[in-house]
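Geometric and topological summary
Chain by chain, the residues run as shown.
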Amino acid sequence: MANPIIDLQDINVTFKQGKEVVHAVKDVSLSIDKGDIYGIVGYSGAGKSTLVRTINLLQKPTDGTVTIDGDVFFTDHQQQLSNKELQTKRRSIGMIFQHFNLLNETSVIENVLFALKHSSLDDDAQEKKAYELLDLVGLKDKADFYPVQLSGGEQQRVSIARALANDPAILISDEATSALDPQNTNQILDLLKKLNDELDLTVVLITHEMDAVKRVANKIAVMEHGQIIERGPLQKVFLQPQRELTRQFVGGSLAAIDTLKAFNLDQLGPDEDLFQLVYNGNNVTKSIIIELYKQLGVEASMLYGNIEILGGEPVGTLFVVVKGDEQQRQAAVKFLQDSKVTVTKIDDRRIWHE
Ligand SMILES: Nc1ncnc2c1ncn2[C@@H]1O[C@H](COP(=O)(O)OP(=O)(O)OP(=O)(O)O)[C@@H](O)[C@H]1O
C-alpha cells in the first residue's frame, strides 16, 4: 500500500528576472513513499535544486500543494502552517550538500552538537547523542578532529551525522557525492542505504550521476526543463528508458543501442522479431535460450547481453532475434514470460530512434 511521506501535486515555481519569467519547475506531481530511496536526476539547470527547496519547505511554490508526512504545508497559494510549525517541520528533514557546509573552526563533535542546540535534551544527553551519531557514521574516533583534518568522504559523514541530529524522517542529498572520488562516493552511498535500512529513513537523492542512483535508489525520476519527463521503479526506467535524455543517463542501455545499431535490423525477415528480455540475474541462467530451442524448437540469436547491479540486485538484459512462424514466436514469448522474463517486442525501433 502506497504511503507517501512527500507528496507534491501540480507544483509550479516561477522566478521573475527583470522582464523575464523563469519557469524553474513546471507541473510537477511526485509522491515519494516512506522508506524509498528516490533518485532525481537531470543536468544542471533542470530544476532539481528548486524542487528540493520546495520539498524542504524553503521555496514556496507559485502553484500547487506540498504535503510532507501528512501535513499540508502549502496549497491554494497559501502557506498552511505557522512559521513556528514550519521551523519544526523543517527539522524533520535533514539535508546534505556537495560542499559539506561544516563549521571549519570547530571540531567534528562540536559540528554535530551545533545541530542539537534546539533539542530538548540536556547537555549530557546531547553529548551522548552526538557521539552515537558519529558512531553511526563510523567516525567516533575522529570526534576531536577539525574538518580540514578529514578526507572529503569523512567530512561528508560528519555532515550526515549532523543532518540526523534531530531524528529526521527524510534526508535530502543534494549532489552530496559530486565532489568525492569514486571510492568515497560508494562508501557514502552505502552509508545512506544503511541508514535507510536501519532507521527507515526516506532518502531523496538529487544528482547528475546515474551511477549513484543505480547503486542505491529503488525509484527514479528524470528532470528536464523543470519537468519530470520519466519516472518509475529503478529497474524499469533503467532497462527500458523511453526518452532520449533518460537513455543518455543510462549508460548500459546506450551500449546496447550502439551494439544494436551495428546490426542491420531493418533487414529482419517476416518470420523474425526483435525482443528485449529483462530478468533478475539470480533467477534465470543463460540456459533459457537453450531451453527455448529444446522445448519449442524456436531459435533465438543473441545480439547483446549485459548484467548490471541495480539497487543491489543483478539484472540481466538480452536483445534477441526470435525466428519462427507467428505461432512459434507467440509461444516463445509465453515461455519466456512463464520463466519470469520481462519481454518487450521492439517493433517500432522506439528504443533507439525517437
Ligand atoms: N532564485 C532564482 N531566481 C531566478 N532564477 C532562478 C532562481 N533559482 C533558480 N533559478 C533558475 O531556475 C532554473 C532551474 O534551476 P535549479 O537550480 O533548480 O536547477 P538544477 O537542476 O538544480 O541545476 P544545478 O544542478 O545547476 O543547481 C535555472 O534556469 C535557474 O537559473
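In the nomenclature of an unreviewed UniProt entry, the protein chain corresponds to ABC transporter, ATP-binding protein from the organism Limosilactobacillus antri DSM 16041.

Below, the discussion takes up the overall build of the protein chain. If you tally the helices and strands in the protein chain, you get 12 helices and 15 strands. Its C-alpha atoms give the protein chain principal-axis dimensions of roughly 75 × 50 × 35 Å. With 354 residues in all, the protein chain has 51% of them scored as buried. Taking all contacts inside the protein chain whose residues are at least 6 apart in sequence as the whole, residues at least 24 apart take part in 68%. As presented, the protein chain carries roughly 17,400 Å² of accessible surface, and 47% of it is formed by carbon and sulfur atoms. Charged side chains of the protein chain number 37 positive and 50 negative; the gap between the two group centres comes to 2 Å.

We now examine the packing of aromatic side chains. Between two aromatic rings, the relevant description is the distance of the centres plus the angle of the planes. Applying the stated rule across the entire model yields two aromatic pairs. Measuring from centroid to centroid gives 6.1 Å for Phe73 and Phe74, while their planes differ by 45°, and the two rings are tilted. The pair Phe73 / Phe74 is uniform in exposure class, with both members buried.

Per the domain assignment, the segments making up the protein chain are domain 1 (6-240) and domain 2 (251-345). For domain 1 versus domain 2, the separation of C-alpha centres amounts to 39 Å. Across the boundary between the two partners, domain 1 contributes eight residues, which contact 14 residues of domain 2. Sorting the residues of domain 1 by area buried against domain 2 places Phe238, Leu239 and Gln240 first, and these three jointly supply 59% of that buried surface. Residues Glu308 and Lys214 are paired through a salt bridge, measuring 3.3 Å at the closest nitrogen-oxygen approach. Where domain 1 packs against domain 2, one counts one residue pair in polar contact (both at pLDDT 80 or more). If one sorts the elements of the side of domain 1 that touches domain 2 by residue count, helix 8 (residues 234-239) sits on top with four residues. Among the residues forming the side of domain 1 that touches domain 2, the class breakdown is four nonpolar, two polar and two charged.

What the four strands build is an open sheet, ordered 13-14-12-15; its pairing is antiparallel. Looking at the sheet topology across the chains shown, the edges are occupied by strand 13 (299-310) and strand 15 (342-345). Along the sheet, successive strands turn relative to each other by an average axial angle of 20°, direction set aside. Bridge count for strand 13 against strand 14 (residues 313-323) is 11 bridges, and the pairing is antiparallel. Each residue of the ladder has a partner; that of Gly305, found in strand 14, is Leu318. Helix-sheet contacts for helix 11 (residues 287-296) involve strand 12 (272-280), strand 13 and strand 14, and the interaxial angle to strand 13 is about 150°. Along the sheet face, helix 12 (residues 326-338) touches strand 12, strand 14 and strand 15 and points at about 5° away from the line of strand 12.

As a further point, take the site of the ligand. In the neighbourhood of the ligand, the contacting residues comprise Phe15, Gln17, Val22, Ala24, Tyr43, Ser44, Gly45, Ala46, Gly47, Lys48, Ser49 and Thr50. In this structure, an oxygen atom belonging to the ligand sits 2.7 Å away from a main-chain N or O atom of Gly45. Lys48 places a polar main-chain atom, nitrogen or oxygen, 3.0 Å from an oxygen atom of the ligand. Burial of the ligand by the surrounding chains reaches 60%, relative to a free accessible area of 630 Å². Taken together, the elements giving at least two residues each to the shell around the ligand come down to strand 1 (4-17), strand 2 (20-33) and helix 1 (48-55). Sort the elements by how many residues they give to the shell around the ligand and helix 1 lands first, with three residues. Grouping the constituent residues of the shell around the ligand by class yields five nonpolar, six polar and one charged.

About the cut-offs
Residues numbered from 1 in each chain as written. Predicted model: local features only at pLDDT ≥ 70, side-chain atom pairs only at ≥ 80, totals over all residues. Heavy atoms only, no water. Helix = DSSP H or I, 4+ residues; strand = E, 2+ residues; numbered from the N terminus. Buried < 20%, exposed > 50% of the residue type's maximum accessible area, 1.4 Å probe, protein only. Contact = heavy atoms within 4.5 Å. Areas by Shrake-Rupley, 256 points an atom, 1.4 Å probe, with all protein chains shown as cover. Lys, Arg positive; Asp, Glu negative; His and termini not counted. Charge placed at Lys NZ, Arg CZ, Asp CG, Glu CD. Phe/Tyr/Trp six-rings, centres within 6.5 Å; stacked < 30°, edge-to-face > 60°. Domains from an automatic or database assignment. Buried area = accessible area lost by both parts, 1.4 Å probe. Salt bridge = Lys/Arg side-chain N within 4 Å of Asp/Glu carboxyl O. Polar contact = N/O pair within 3.5 Å; in protein donor to acceptor, adjacent residues only side chain to side chain. Nonpolar A, V, L, I, M, F, W, Y, C, P; charged D, E, K, R; others polar. Pairing = 2+ DSSP bridges. Axes fitted to C-alpha atoms, helices over the stretch in contact; angles between N-to-C directions. Near = heavy atom within 4 Å.

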